[in-house]
Amino acid sequence: MKIRSFFVLEIKAPFKRFYVKLGKCVGDDDKIWTVAMNTESKNTPIVLLHGFGAGSAFWAMNLEELSQDHPVYALDTLGFARSSRPEFAEDPREIEQQFVDFIERWREVMGIEKMVLCGHSFGGYQSSSYAMKY
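Residues numbered from 1 in each chain as written. Predicted model: local features only at pLDDT ≥ 70, side-chain atom pairs only at ≥ 80, totals over all residues. Heavy atoms only, no water.

Trainee: When you look at the side chain of Ser67 in this model, what are you seeing that I'm missing?
Mentor: Its place among the elements puts Ser67 in the loop between helix H1 (63-66) and strand S4 (72-75). Residue Ser67 is classed as buried on the basis of its relative accessible area, which comes to 7%. For Ser67, the contacting residues outside a window of four places in its chain are Met37, Asn38 and Val72. (Helix = DSSP H or I, 4+ residues; strand = E, 2+ residues; numbered from the N terminus. Buried < 20%, exposed > 50% of the residue type's maximum accessible area, 1.4 Å probe, protein only. Contact = heavy atoms within 4.5 Å.)

Trainee: I tried to follow the pattern of salt bridges on my own but got confused; where do I start?
Mentor: Oppositely charged side chains are able to pair whenever their charged atoms sit close together. In the structure shown here, the tally under the stated rule is five salt bridges. Of the charged contacts, one joins Lys24 and Asp28 as a salt bridge, the two residues approaching to 2.9 Å between their closest N and O atoms. Each member of the pair, Lys24 together with Asp28, is exposed. Where Arg93 meets Asp91, a salt bridge forms, and the shortest distance between an N and an O atom there is 3.9 Å. Its relative accessible area of 65% is what places Arg93 among the exposed residues. Here Asp91 falls in the partly exposed class, since its relative accessible area comes to 30%. (Salt bridge = Lys/Arg side-chain N within 4 Å of Asp/Glu carboxyl O.)

Trainee: Mind showing me how you'd approach helix H2 (residues 92-110) here?
Mentor: For the α-helix, the turn length of 3.6 residues means that residues three or four positions removed from each other point alike. In this model H2 runs 27 Å from its N-terminal to its C-terminal C-alpha over 19 residues, within 8% of the 27 Å that 1.5 Å per residue would give. As for H2, its buried residues are in contact with strand S1 (15-23), strand S2 (30-37), strand S3 (46-49), S4, strand S5 (116-119) and helix H3 (122-133). Of the residues one or two after H2, Gly111 is the one with positive phi, at around 70°. (Expected span 1.5 Å × (residues − 1).)

Trainee: Can you walk me through the packing of aromatic side chains in this structure?
Mentor: Two aromatic rings are characterised by how far apart their centres lie and by the angle between their planes. Across all of its chains, the model carries ten aromatic pairs by this definition. Seen in terms of ring centroids, Phe88 and Phe99 are 4.9 Å apart; in terms of plane orientation they differ by 25°. Their pairing is stacked. One end of the pair, Phe88, is in the loop between S4 and H2; the other, Phe99, is in helix H2, and eleven residues separate them in sequence. For Phe88, a relative accessible area of 22% gives the class partly exposed. Aromatic pair Phe99 and Phe122: ring centres 5.3 Å apart, planes at 85°, arrangement edge-to-face. Taken together, the residues Phe99 in helix H2 and Phe122 in helix H3 connect sequence positions 23 residues apart. (Phe/Tyr/Trp six-rings, centres within 6.5 Å; stacked < 30°, edge-to-face > 60°.)

Trainee: Help me out: how do you make sense of the nonpolar core in this one?
Mentor: Here is a general trend for soluble globular proteins: nonpolar side chains tend to be buried in one another's company. Counting residues in hydrophobic clusters, the biggest one holds 19 residues, and the most contacted among them are Ile32, Tyr73, Leu75, Phe102 and Trp106. Of all the secondary-structure elements, those providing two or more residues to this core are S1, S2, S3, S4 and H2. Apart from the residues within four sequence positions on either side, Trp106 is in contact with Val20, Leu22, Ile32, Thr34, Val47, Tyr73, Leu75 and Ile112. Counting nine residues, the second largest nonpolar core, distinct from the first, contains Trp33, Met37, Trp59 and Val72. (Core = buried A, V, L, I, M, F, W, Y, C linked by side-chain atoms within 4.5 Å.)

Pasting the structure below:
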């Protein structure tokens, strides 16, 4: 007997998908794939960073609920999914700084003053590294 299981996720709330062009960040012309919901809200935005080997779609089942009262941005981390794939440094400390730099550059380009940064797994590590610096 063959059993198949799948589900279809339907996001009913309006959302936008776009690249945020960072210019020269880690590579020469880095772009971050971004999914955004409820961007007209004046509340503090929630920025979501996925784990290693994933992408912004990791957050799909949470976007509507999280965006009810806040703007929400789910990013494809630099080097993953639809974002640019630059060549990172070889030194682990320098790589960590490159990830922190991409988050800060994305925030600047987006014009976000304050944010709640939420990460899963590797995204949690990136969020913690960013918080320690900023």
